[in-house]
Amino acid sequence: MSTLFIVATPIGNLADISLRAITVLSNADLILAEDTRVTRTLLEHYNIKKELLSYHQHSGRGMIEKIISRLKQGQDIALVSDAGTPGINDPGNFLIQEILKEMPEIKVVAIPGANAAISALSISGFPTDKFTFLGFPPHKKGRQTFFRNIEDIAHTVVLYESKHRIIKALEQLKPLNRPLVVCRELTKQFETVYRGNVEEILLRLQGNNLLGEFVFVVGPKQKKKKTDEE
Ligand code: SAM
């Protein structure tokens, strides 16, 4: 019986990969990568020589059929994305769904590892017993509502944002008046963590060349202080 491995890879620092991930990638019959060039760098670093095929959000039915046929032949397949955990704002979920439809008995095995949202959350200092992950805000339509709706989430909120919209996102978070942690380039050479309220972080970021990758962690809603009369 074949196995589909969902393998987490580093989010920047090539050392952030598990021994098990290296073993699974080395033993797989085929590795499915979001971008084969990105994954080739990782595989070369660990001296892994394997057949590599591209599977991404625009891969059509033909590619899915090809993958299912290889699994039906008894081959083990490993799915990786460009960075972090496949399926978390990355291709994977739909593929797993389609494979399970045709092969409900197949083993789908998680090889856990890096994830940008959880890494940011883990250093935020905010309560993590309950949190909401919102992924990327929409670029245009629905963006205002996306940020306005955070008001209704009293606990910690994690979101991803593209470098092109960092200042815009901060401006849109301002009315919420919540503490914030912005994690930039986690695990990489220029890793920076900005903590404070939105105004303070805006001051530090405005006018900067905003390169890199970002995770926002919005702290919980502040409880209103009781006045003497209450
Ligand atoms: N699957 C990935 C994961 O497990 O974290 C997420 C993929 S999503 C397409 C890419 C986004 O994740 C980036 O735009 C950024 O918001 C966040 N991200 C990825 N790597 C990061 C890093 N090293 N530092 C900060 N954010 C990162």
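A brief report on the enclosed structure follows. Residues take numbers from 1 onward in each chain, read along the sequence in its written order. Confidence filtering applies because this is a predicted model: local features only for residues at pLDDT of at least 70, side-chain atom pairs given and counted only at 80 or more, and all residues used for totals across whole chains, interfaces and linings. With hydrogens and water stripped out, all remaining heavy atoms of the structure feed into the side-chain values.

### Side note on helix α5 (residues 116-124)
Each turn of an α-helix holds 3.6 residues, which means side chains three or four residues apart point in the same direction.
Here comes step 1: Within the sequence span of α5, burial applies to A116, A117, A120, L121 and S124. Summarising the axial view, the buried residues of α5 lie within an arc of 130 degrees, below the 170-degree limit, and thus occupy one face.
Here comes step 2: Buried residues belonging to α5 abut β6 (131-133), β7 (156-161), β8 (180-184), β9 (192-196) and β10 (214-218).
Here comes step 3: For α5, the capping residue at the N-terminal end is N115, with a side-chain oxygen 3.3 Å from the backbone nitrogen of A117.
Here comes step 4: With its phi angle positive at about 85 degrees, G125 sits one or two positions after the end of α5. A simple rule labels every residue: compare its accessible area, found with a 1.4 Å probe on the protein chains alone, to the largest value its type can have, and call it buried under 20%, exposed over 50%, or partly exposed in between. In DSSP terms, a helix is any run of H or I states spanning at least four residues, a strand is any run of E spanning at least two, and both are numbered starting from the N terminus. What the arc covers is the set of directions going from the helix axis to the C-beta atoms. Any two residues whose heavy atoms approach within 4.5 Å at even a single point are treated as in contact. Polar contacts here mean pairs of N or O atoms no more than 3.5 Å apart (in protein, one a potential hydrogen donor and the other a potential acceptor; neighbouring residues in sequence count only if both atoms are side-chain atoms).

### Topic: the sheet that holds strand β3 (residues 52-54)
Here comes step 1: An order of β3-β2-β4-β1-β5 is seen for the five strands of this open sheet, with the pairing classed as parallel. Each edge of the open sheet is held by one strand with a lone partner, namely β3 and β5 (107-111). Neighbour-to-neighbour, the strand axes of the sheet open up by a mean angle of 25 degrees, direction not taken into account.
Here comes step 2: At least two bridges found by DSSP between two strands is the condition for calling them paired. With three bridges joining them, strand β2 (residues 30-33) and β3 adopt parallel strand pairing. Counterpart to A33 in the pairing with β3 is S54.
Here comes step 3: Throughout, an axis means a line fitted to C-alpha atoms (over the contacting stretch in the case of helices), and angles, computed between N-to-C directions, take values from 0 to 180 degrees. Sheet contacts for helix α2 (residues 36-45): β2, β3 and β4 (77-80); angle to β3, the most-contacted strand, approximately 155 degrees.
Here comes step 4: The sheet contacts of helix α4 (residues 93-102) involve β1 (3-7), β2, β4 and β5, and relative to β1 the element is tilted by about 170 degrees.

Purely spatial values, then, with no claim about function.
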